[in-house]
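What follows is each chain in one-letter form.
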Amino acid sequence: MKKELITLNINGDDHEIAVHPWRTLNEVLRDQLHLTGTKLGCGTGDCGACTVLLDDQSVSSCLTLAIESEGHKITTIEGLAPEAVANSNLENCELNPIQESFIAKGAIQCGFCTPGMIMSSKFLLEQTPNPNEDEIRAGLSGNLCRCTGYNKIVEAIADAAEKISPTK
Amino acid sequence: MSTDQNFSVVGKSLPRSDGRIKAVGAAQYADDIFLPGMLYGKLLRSPVAHALIKSIDTSAAEALPGVKCVITGQDIPKVKYGNWRLVPESQDEYALAIDKVRFIGDEVAAVAAIDKDSAEEAIRLIKVEYEELPGAYSVEDSLADNAPVIHDEYKQDIPNISLDRKIEYGDLDKAFAEADLILDDVFTVHATSHAYMEPCSCISEYDHDGRLTIWTSTQAPYFVQCLLASTLEMRENDIRVIKPFVGGGFGGKMEMRPWEFCSAFIARKLGRPVKFTLTREEELATGRRRHPMRIHSKVGFSKEGMLLAKEFNVHLDGGAYNSMGPTACFLCGNFGAMLYNYPSYRYYGAHVYTNKPPAGAMRGFGAPQALFVAETQMNMAAEKLGLDPIDIRYMNAMETGNEIPGVATISSCGFKESLIKVAEMTNWREKRKNLKPGQGLGLGCYSFISGGVFNWFNTRYNFTSAEVRAFDDGTVHLMTMASDIGQGCDTVLRQILAEELGLKVSDIRLTAADTAVTPQADLGTWGSRVTLMAGNAVRKAAQEIKEELFKMVSLKFDLNVIHDLRCGNGNIYPANRPDRAVSFGEAVRMAQRAKRGEPVIGYGSYTPRNKGLVTPAFSFGAQVAECEVDKETGAIEVKFMTTAHDCGTPINPMSVEGQLEGSVHMGLGYALSEQFIMKEGKTLTTTFLDYKIPCAEDMPPGISVHVDTYEPDGPFGAKEAGEGLVSPTAPAIADAVYAATGYRCMDLPLTPQKVLTGMKKI
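Since the structure is predicted, the reported quantities are computational estimates derived from the model, not experimental observations.

A. A look at the overall build of chain A. When helices and strands are counted, chain A shows six helices and five strands. Scanning chain A from its N terminus toward the C terminus, one meets helices and strands in the order β-β-α-β-β-β-α-α-α-α-α. Taken over the C-alpha trace, chain A has a radius of gyration of 16 Å; the compact-globule value for 168 residues is 15 Å, and the two agree within 12%. Seen through its C-alpha atoms, chain A measures out along the principal axes to roughly 55 × 35 × 30 Å. Sequence-distant contacts, at least 24 apart, represent 55% of the contacts inside chain A between residues at least 6 apart.

B. A look at the overall build of chain B. The helix and strand inventory of chain B stands at 19 helices and 30 strands. For 762 residues, the compact-globule formula gives about 27 Å, and the C-alpha radius of gyration of chain B, at 27 Å, lands near that figure. Projected onto its principal axes, the C-alpha coordinates of chain B cover approximately 80 × 75 × 50 Å. With 762 residues in all, chain B has 61% of them scored as buried.

C. Expanded view of the environment of Gly524 of chain B. All names here are of chain B. With respect to the helices and strands, Gly524 occurs in the loop between β21 (508–512) and α15 (530–557). For Gly524, a count of 28 C-beta atoms within 10 Å gives the class buried. Taking C-alpha positions, Gly524 is 31 Å from Gly568, a pair spaced 44 residues apart along the chain.

D. Focus on the interface of chain B and chain A. Across the contact, 45 residues belong to chain B and 46 residues belong to chain A. Going through the elements one at a time, α1 (19–23) and α17 (653–673) of chain B are the ones with two or more residues in the side of chain B that touches chain A. Among the elements that make up the side of chain B that touches chain A, the one with the highest residue count is α17 of chain B (eight residues). Class assignment for the residues of the side of chain B that touches chain A results in 22 nonpolar, 14 polar and nine charged.

E. Structural detail: helix α9 (residues 325–335) of chain B. All names here are of chain B. In terms of residue burial, α9 counts as a mostly covered element, since eleven of its eleven residues are buried. Buried residues of α9: Gly325, Pro326, Thr327, Ala328, Cys329, Phe330, Leu331, Cys332, Gly333, Asn334 and Phe335, and no others. Buried residues along α9 sit against β7 (161–169), β14 (307–319), β15 (344–353) and α10 (367–385).

F. The domain arrangement of chain A, seen in detail. Residues and elements named next belong to chain A. By domain assignment, chain A separates into domain 1 (4–79) and domain 2 (82–164). The C-alpha centroid of domain 2 is placed 20 Å from the C-alpha centroid of domain 1. Taken together, the contact pairs 17 residues of domain 1 with 15 residues of domain 2. Broken down by element, the side of domain 1 that touches domain 2 gets its largest block of residues, three residues, from strand β3 (residues 51–54). For the side of domain 1 that touches domain 2, the class distribution of residues is six nonpolar, eight polar and three charged.

G. Inspection of the packing of helix α4 (residues 114–127) of chain A against helix α6 (residues 151–164) of chain A at higher detail. Residue and element names in this part refer to chain A. Orientation of α4 relative to α6, taken along the N-to-C sense of each, is 45°, at an axis distance of 11 Å. Taken together, the axis directions place α4 and α6 in an arrangement best described as oblique. Taken as a pair, α4 and α6 cross one another with a handedness that is right-handed. Side by side, α4 and α6 meet where Met117, Ser121, Leu124 and Leu125 of the first sit next to Ile153, Ile157, Ala160, Ala161 and Ile164 of the second. Considered class by class, the residues forming the contact of α4 with α6 number eight nonpolar, one polar and no charged.

H. Representation of the domain arrangement of chain B in the model. Residues and elements named next belong to chain B. When cut into domains, chain B gives domain 1 (19–26 + 463–606), domain 2 (33–133 + 197–248 + 253–286) and domain 3 (293–454 + 612–761). Domain 2 and domain 3 are separated by 36 Å when their C-alpha centres are compared. Contacts between the two partners involve 20 residues from domain 2, matched on the other side by 20 residues from domain 3. Residues belonging to the side of domain 2 that touches domain 3 are distributed by class as follows: seven nonpolar, six polar and seven charged.

I. Geometry of the sheet that holds strand β1 (residues 39–45) of chain B. Residues and elements named next belong to chain B. Taken together, seven strands build an open sheet; the order of strands is β3-β5-β1-β12-β9-β10-β11 and the sheet is mixed. Every interior strand has two partners, whereas the edge strands, β3 (67–72) and β11 (239–242), have only one. Across the sheet, the axes of successive neighbouring strands diverge by a mean angle of 20°, strand direction being ignored. The pairing of β3 with strand β5 (residues 107–113) spans five bridges and is antiparallel.

J. View of the nonpolar core. Counting 294 residues, the largest nonpolar core has Val111, Leu497, Ile733 and Val737 of chain B as the members making the most contacts within it. It is α15 of chain B that provides the largest number of residues to this core, a total of 13 residues.

K. Focus on the pairing of β3 of chain A. Residue and element names in this part refer to chain A. Where β3 lies against strand β4 (residues 57–60), four bridges are found, and the strand directions are antiparallel. Paired with Val52 across the strands is Val59, a residue of β4. Strand direction decides the pairing type here: β3 and strand β5 (residues 73–75), joined by two bridges, are antiparallel. When the sheet's bridge partners are listed, Leu54 is paired in β5 with Ile74.

L. Structural detail: the sheet that holds strand β2 (residues 51–57) of chain B. The strand order across the open sheet formed by three strands is β4-β2-β6 (chain B), and the pairing between neighbours is antiparallel. Each edge of the open sheet is held by one strand with a lone partner, namely β4 (100–101) and β6 (127–132) of chain B.

M. Representation of the environment of Lys356 of chain B in the model. As for its position among the elements, Lys356 of chain B is in the loop between β15 and α10. Not counting the four nearest positions on each side in its chain, Lys356 of chain B is found in contact with Phe103, Tyr137, Gly319, Ala320, Met678 and Gly681 of chain B.

N. The packing of α15 of chain B against helix α16 (residues 584–594) of chain B, seen in detail. Residue and element names in this part refer to chain B. At a minimum axis separation of 9 Å, α15 and α16 run at an interaxial angle of 90°. In terms of their interaxial angle, α15 and α16 are classed as roughly perpendicular. When α15 is examined against α16, the residues Glu548, Leu549, Met552 and Val553 are found in contact with a partner set consisting of Ala587, Val588, Met590, Ala591 and Ala594. Split by residue class, the contact of α15 with α16 holds eight nonpolar, no polar and one charged.

O. Quick look at unusual backbone geometry. All names here are of chain B. The omega angle of the peptide bond from Gln520 to Ala521 is -5°, so this bond is cis rather than trans. Here Ala521 lies in the loop between β21 and α15. Cis geometry marks the peptide bond from Leu748 to Pro749; its omega dihedral reads -5°. Secondary-structure assignment places Pro749 in the loop between α18 (729–741) and α19 (752–761). Of note in the backbone geometry, Asn458 takes a positive phi value of approximately 60° without being a glycine.

Definitions and limits used
Residues numbered from 1 in each chain as written. Chains lettered and ligands numbered in written order. Predicted model: local features only at pLDDT ≥ 70, side-chain atom pairs only at ≥ 80, totals over all residues. Helix = DSSP H or I, 4+ residues; strand = E, 2+ residues; numbered from the N terminus. Rg over C-alpha atoms; globule rule 2.2 N^0.38 Å. Contact = placed C-beta atoms within 7 Å. Buried ≥ 20, exposed ≤ 12 C-beta atoms within 10 Å, placed from the backbone. Nonpolar A, V, L, I, M, F, W, Y, C, P; charged D, E, K, R; others polar. Domains from an automatic or database assignment. Axes fitted to C-alpha atoms, helices over the stretch in contact; angles between N-to-C directions. Parallel < 35°, antiparallel > 145°, perpendicular 65-115°, else oblique. Left-handed = near helix turned anticlockwise from the far one by under 90°. Pairing = 2+ DSSP bridges. Core = buried A, V, L, I, M, F, W, Y, C linked by C-beta atoms within 7 Å.

And the structure:
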């Protein structure tokens, strides 16, 4: 079967690429464009490590076809703090508040679930700017983590919510 | 206890040094590496559990456009491998099966192609003719009369028992004869998956200098280097193993594995880089797992509750190969009698081959199984003797200075304090009296090791080592083969080094886990060994630097006693005259000048010697689970977890908390939700939809407190923190369920079905 020529808008940049219709967005991001911040943990939509935003919606990039992503704004983890990714001096860059909170609260261990966790958190905080603990846990129910036991991730999201949309 | 030191970096909850790079998505894991001209590899696995390979036809696969290489067991050196190099006959695996397959998933062939689709298609085109043999799918099957022999090339005293271990001390028969209470029970515990988030991946490249470089998701670069050398018939020094960022391991990435071999073998053959990345289905269907065990435990008490005797018979269901089973068999015997004073003890452990995916090392490594049994029997004994479960433990508990016969002397122990703490925090005695129907409170405890002493890998090097280079700009470069797989040793080792040299963490550059660059050797990340062992090596390297710099600074100050000097705030200064400080960088400059330009380099190593048989240091702790059971459905809700633990000095308290919370997660999954459903050797639970690790909503709230001890053999008093706490959760929950329902679980996992069935029997 022939490849389709499509244009994907990823983190603000247009990428013209040829893809087979069965190619997933995750394969295109990782294997073709080498945007490897988005991970692949299971390939069946169960673990959330591949989460990206399609316009304002969080999706599992392993279950999303590349061709159906055309015409949408795709945001990956690399798009949250583009300066930091491009800048060699990571220590002095401003990150997204969610990223800062994940670091400060110890919400990162092996880091493999982290990009997906942060993208799901971003989606959650856009839907629910001041979530309570139950809402945070529900918002993370599609993202698995084997290292942290989730508590520090929940704390980090509450901390980020307070920074982004102060309640006091 | 001598926590007399005022630490400036140790004991601080600093954010991890790799936090930022991970948070922005720039951390490269093995599968994130792309090399020019790279090929994609794929493995063909056996669809049958036990069979002879009659023929393999690879011609159609080789003819497929884009396919560059197809290899089978016939193409590779006939060299077996395994981690237990000390006992060569225990090395029972070929990278690709030769003549016989022993489990569903056994690797049979490998291909490399220009893209993933071609590699997958090629795998489907390989034709293998099998002659199926009867299979053995449980310990009982394997030990039955006329059971199929899974490895017939070795002489085994009892067919299918690959090795066994015995421990005996005290007069067991006499002690049982004098016992007022004897419990004699059989328990079964199940297999679980590491379920690390990053599936295994590696990429190999062969260069024109004749050296092979492999980036691989591993916990033990040195093991991979040595075993690739032997299986590829190359020299160790011609193999460079680099550990990139690793997405968790939990014991599942501490062996050389077939994809590492195949990637290296094909890269060498073709002169092109080759990447292999496993799918989650491969991981769950064929990957290593925690040992299922059948445990027969007989334990005797006096009527006052004192432990008198224990007989512990364990059959480990090892699957098709030894993997790390020999160590599990060894350690399970130790964990069976580690937590309390057992005046007499007899252990027999047997590692049994079955036609299933091999079990390997997994967090806790023999302890979750042994302690589920030991702790459940402590709870049963307390009830039968009319004692409080806290009290029966307290009277038998290990203490600092106690000896485990033939094993070790315990150099620090906060067990009794942990028991007191959890009882206070939960209001244990009152709360137990006032439980409503369906509510339960249960107790479980643990002890764990801080790295191993026994040299089963047969390394010719120190167990771990570190090199520190000091620069006249006031910075240092730490080089260590210690492997951060997510647990945070890159951060913790920097903290230890900064503390010793009086520097800031930001003054330290770290190069880790690259066998061509970092000093030989380190055995890897397992057995909770890194903080204590690598930490001690880093401290020793730093002390060499200090000694050299102090000599220089002494000259300047006319001080002739070296220990009058201190490191702190980036300076070296006389203890009584901090105002007369010389900066660290200036001291390095002086030392370098005195040596006509030679750099200032410190080397440190650590090998546990004269530390008994098992470990240099033991951690301890106690945990209480509060549960509610729905008697209509059998559903168990864990309402709260309370933990008190003793890990010596926490080098980074936030990191320790993260380890403890992660342990509760894994312990909860072990107790309640995680299991492999198997049918005749086939794993049916091959997605995270079926293999249920707890998600954020499943985690109970909880609290944990640290009991203050100082481990004399650990760096700044530190010992194990990341592994032991996986053990108490299952027995604590099972005991709470017993209190709530009257059903005593002796067969993990604790599913609602078992609770309902168990309640009906009462």
